[in-house]
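Structural features, examined
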Amino acid sequence: MKSILIVEDTELNVDLLTQLLEGDYRIMVADDGAQGIQMAGQHLPDLILMDISLPIMDGYEATRRIRNNPALKSTPIIGLSAHAMSGDEERAKAAGCTDYLTKPINDELLLKKLEQYLGH
């Protein structure tokens, strides 16, 4: 079973993502950027869902640091943000995100992206 690390500090979003994905994927959750880096290095997930607005360390910096780990260089990271401002997607991709989705998450679009990156 493929694994997904959800790096998200809002409990409601974690619950929604977990309910959507837990039957098909092994789910791990980190609630801040620093914990996300630690868990990514320890568990080497198949894909990371990275909230951009996180406590302790934002998703941009966490993504940059995850990309510095050779074992995670090619791991797909999908940036998630409630901010749909012009330039946000480009900034996320510049930090190392493979893709980007705005919140609230469109379940169908997310599942298509997971299929695209994980072949599930």
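As a reminder, the structure under discussion sits directly above these lines.
No experiment lies behind these values; they were computed from the predicted model shown.

Along helix H1 (residues 11-21), the residues that are buried comprise Val 14, Leu 17, Thr 18 and Leu 21. Mapping the buried residues of H1 onto a view down its axis gives an arc of 100°, with all of them on the same face. Turned more than 90 degrees away from the buried face of H1, the exposed residues are Leu 12 and Gln 19.

Next up on the list: the layout of surface pockets. By volume, the largest pocket amounts to about 200 Å³. Lining of the largest pocket is provided by Glu 8, Asn 13, Leu 16, Leu 17, Gln 19, Leu 20, Leu 80, Lys 103, Pro 104, Ile 105 and Asp 107. Counting residues per element, the lining of the largest pocket draws most heavily on H1, at 5 residues. Classifying every residue of the lining of the largest pocket gives 6 nonpolar, 2 polar and 3 charged.

What follows is about the pairing of strand E4 (residues 77-81). Judged by how many residues are buried, E4 sits mostly within the fold: 5 of 5 residues are covered. By the alternation rule, side chains of E4 split into Ile 77, Gly 79 and Ser 81 and Ile 78 and Leu 80, which are all buried. Sheet analysis places strand E3 (residues 47-51) next to E4, joined by 4 bridges and oriented parallel. Its bridge partner lying in E4, Asp 51 is registered against Leu 80. Since E3 and E4 lie parallel, the crossover through helix H3 (residues 59-67) that links them has a hand, and here it is right-handed. With 4 bridges joining them, E4 and strand E5 (residues 99-102) adopt parallel strand pairing.

Criteria and cut-off values
- Residues numbered from 1 in each chain as written.
- Predicted model: local features only at pLDDT ≥ 70, side-chain atom pairs only at ≥ 80, totals over all residues.
- Heavy atoms only, no water.
- Buried < 20%, exposed > 50% of the residue type's maximum accessible area, 1.4 Å probe, protein only.
- Helix = DSSP H or I, 4+ residues; strand = E, 2+ residues; numbered from the N terminus.
- Arc of directions from axis to C-beta.
- 1 Å grid on protein atoms, 1.4 Å probe; cavity = no way out; pocket = protein on both sides within 12 Å on 5 of 7 lines; lining within 4 Å.
- Points joined across faces, edges and corners; volume = space filled by probe spheres on them.
- Nonpolar A, V, L, I, M, F, W, Y, C, P; charged D, E, K, R; others polar.
- Pairing = 2+ DSSP bridges.
- Right-handed = clockwise from strand over helix to strand, strands pointing away.

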